[in-house]
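In case you want the letters, here they are:
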Amino acid sequence: MISGKTKLAVFFASPSAHSLSPLMHNTAFQHCGIDAVYLAFEVDQINLKQAVESIRTLNMLGANVSMPNKTAVLTYLDELSPEAELIGAVNTIVHKNHRLIGYNTDGKGFVRSVKEVGHTIADQKITVLGAGGAAKAIVAQMALDGAKEIHIYKRKNATFLSLSAYFATVSEKTGCSISLYDYADEPQLAKDLKHSDLLINATDIGMGEKKGSLPCREDLLHPNLAVFDLIYSPEETQLLKEAKKIGANGYNGLGMLIHQGAIAFELWTQKAMPIEVIRQQIIQK
């Protein structure tokens, strides 16, 4: 029951109606007995400044932000966490002592999901397909967490040079060896995958109109490769099906989705999100 003391947490994105965050956080608030609600609002860069200021004005717990606001929001915050500063994007805002602090829980959420299924990031050789926002957050966090080598593949388009410079900066600041390659360079990809411990698909190949497609040739996979696909719908992409065929461990993106939300929940409430309760709610949906 909403009371005069009920706190508010929000989601600012455009579009926002598809988000699973209200289901996750409202279930968690209820399960933990926290007098708070989570609502999603349609917010783009035109009304972002006013929306962010409302966190302070209405004394909210904080907010999640998604496209197209993850980088635009930086201007309106008082402080950034170390990983948000390194990534250059924010997905969670915490309201503390009238200050708005930006965090990025995407990378940490992914790393937690890797550890949850018994794998590790430290000292591993990792290949990442795609270099969008999620990939940038994951690569930066894995570098911070002691990955040995990270090889990233993206199309050689207008953003290739700027992303190459970004990953060079991350490499310099973390001491992790990070390389960016042209996605079309199959011989190099084959070489890297042969020696990789983890493969991460951070492209949209395998979902929507690309459902049933593969982000790399199936013969490049091997049984000792842990395959993580950030896609969670469909539950099992073609990449994960091919990994299963050869006896490689494969995991979809549901773990990352839940854990990035769990970290935001912890930052707002100082309580642990009930992971399994949330997982069951999402699966049933």
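All figures in this text were calculated on a predicted structure; none of them were measured in a lab.

Scoring rules and cut-offs
- Residues numbered from 1 in each chain as written.
- Predicted model: local features only at pLDDT ≥ 70, side-chain atom pairs only at ≥ 80, totals over all residues.
- Heavy atoms only, no water.
- Pairing = 2+ DSSP bridges.
- Helix = DSSP H or I, 4+ residues; strand = E, 2+ residues; numbered from the N terminus.
- Contact = heavy atoms within 4.5 Å.
- Axes fitted to C-alpha atoms, helices over the stretch in contact; angles between N-to-C directions.
- Buried < 20%, exposed > 50% of the residue type's maximum accessible area, 1.4 Å probe, protein only.
- Arc of directions from axis to C-beta.
- Polar contact = N/O pair within 3.5 Å; in protein donor to acceptor, adjacent residues only side chain to side chain.
- Domains from an automatic or database assignment.
- Buried area = accessible area lost by both parts, 1.4 Å probe.
- Salt bridge = Lys/Arg side-chain N within 4 Å of Asp/Glu carboxyl O.
- Parallel < 35°, antiparallel > 145°, perpendicular 65-115°, else oblique.
- Left-handed = near helix turned anticlockwise from the far one by under 90°.
- Nonpolar A, V, L, I, M, F, W, Y, C, P; charged D, E, K, R; others polar.
- UniProt positions renumbered as here; feature names shortened; annotations may be inferred.
- Core = buried A, V, L, I, M, F, W, Y, C linked by side-chain atoms within 4.5 Å.

S.K.: So what's going on with the sheet that holds strand β1 (residues 7–13)? Which residues, and what values?
M.R.: Spatially, the six strands line up as an open sheet ordered β2-β1-β3-β5-β6-β4, and their pairing is mixed. At either end of the open sheet lies a strand with only one pairing partner, and these are β2 (36–42) and β4 (79–80). Sitting on the sheet, helix α9 (residues 254–269) touches β1, β2, β3 (62–65), β5 (92–96) and β6 (99–103), and the angle it makes with β5 is about 5°.

S.K.: Describe unusual backbone geometry, listing the residues and the values that go with them.
M.R.: Going from S14 to P15, the amide bond is cis rather than trans, its omega being 5°. One can find P15 in the loop between β1 and α1 (21–32). Put simply, M67 and P68 share a cis peptide bond, and its omega is 5°. A positive phi angle, close to 65°, is found at H98, a residue other than glycine. Summarising the element assignment, H98 is placed in the loop between β5 and β6.

S.K.: Please provide a residue-by-residue account of helix α10 (residues 275–284), values included.
M.R.: By the burial criterion, the buried members of α10 are I275, I278, R279 and I282. Looking down the long axis of α10, one finds its buried residues gathered within 100° of arc, a one-sided arrangement. Lining the buried residues of α10 we find α1, α4 (106–116) and α9.

S.K.: For the sheet that holds strand β7 (residues 125–129), give the residues involved together with the corresponding values.
M.R.: The strand order across the open sheet built from six strands is β9-β8-β7-β10-β11-β12, with neighbouring strands paired in parallel fashion. The outermost strands of the open sheet, each flanked by one partner alone, are β9 (177–182) and β12 (250–251). Judged from the five bridges that link them, β7 and strand β8 (residues 149–154) form a sheet pairing that is parallel. Among the inter-strand pairings, K125 is bridged to a residue of β8, identified as E149.

S.K.: Residue-level account of the environment of R217, with values.
M.R.: When you line up the elements, R217 lands in the loop between β10 (198–201) and β11 (226–229). The spacing of R217 and T57 is 160 residues in sequence and 52 Å in space, taken between C-alpha atoms. Side-chain polar atoms of R217 contact the side chain of D219, separated by 2.9 Å.

S.K.: Residue-level account of the domain arrangement of the protein, with values.
M.R.: Domain annotation for the protein reports domain 1 (7–103 + 258–284) and domain 2 (107–251). A straight line from the C-alpha centre of domain 1 to that of domain 2 covers 26 Å. The junction of domain 1 with domain 2 conceals about 1100 Å² of combined surface from both sides, 64% of it contributed by carbon and sulfur atoms. Area buried by domain 1 at its contact with domain 2 is led by L86, I87 and H259, which between them contribute 57% of it. Applying the counting rule to domain 1 against domain 2 returns three salt bridges. A salt bridge links E266 to R112, with the nearest nitrogen and oxygen atoms 3.0 Å apart. Where domain 1 meets domain 2, there are four residue pairs in polar contact (both at pLDDT 80 or more).

S.K.: I'd like to hear about the packing of α1 against α10, residue by residue, with values.
M.R.: It is the contact of α1 with α10, at a shortest axis distance of 10 Å, that shows an interaxial angle of 135°. It follows that α1 is oblique to α10 by the angle criterion. Here the hand of the crossing between α1 and α10 comes out right-handed. For the pair formed by α1 and α10, the contact residues are L23, M24, T27, A28 and H31 on the first element and V277, I278, Q281 and I282 on the second. When its residues are assigned to classes, the contact of α1 with α10 shows six nonpolar, three polar and no charged.

S.K.: An account of the UniProt feature "binding site: shikimate" (unreviewed entry) in the protein is needed here, citing residue identities and associated values.
M.R.: UniProt annotation of "binding site: shikimate" (unreviewed entry) refers to S19, L20, S21, S66, N91, D106, Y232 and Q260 when read in the numbering used here. Secondary-structure assignment places N91 in the loop between α3 (82–87) and β5. Aside from chain neighbours lying at most four places away, what touches N91 is A63, N64, V65, K70, Y103, N104, T105, D106 and Q260. Along the chain, Y232 turns up in the loop between β11 and α8 (238–245). Beyond its immediate chain neighbours, meaning those up to four positions away, Y232 contacts L20, N252, G253, L254 and L257.

S.K.: Provide a residue-level description of the nonpolar core, including the pertinent values.
M.R.: Most often, soluble globular proteins keep nonpolar side chains buried together rather than apart. Grouped together as the largest cluster of nonpolar side chains are 36 residues, with contacts concentrated most on V128, M142 and I150. By residue number, the principal contributor to this core is helix α5 (residues 133–144), which donates seven residues. Mapped onto the domain boundaries, this core takes at least three residues apiece from domain 1 (7–103 + 258–284) and domain 2 (107–251). In this view, I150 contacts I126, V128, V139, M142, A143, C176, S177, I178 and S179; residues no more than four positions away in its chain are not counted. Grouped together as the second largest cluster of nonpolar side chains are 22 residues, A9, L257, A262 and I282 included.

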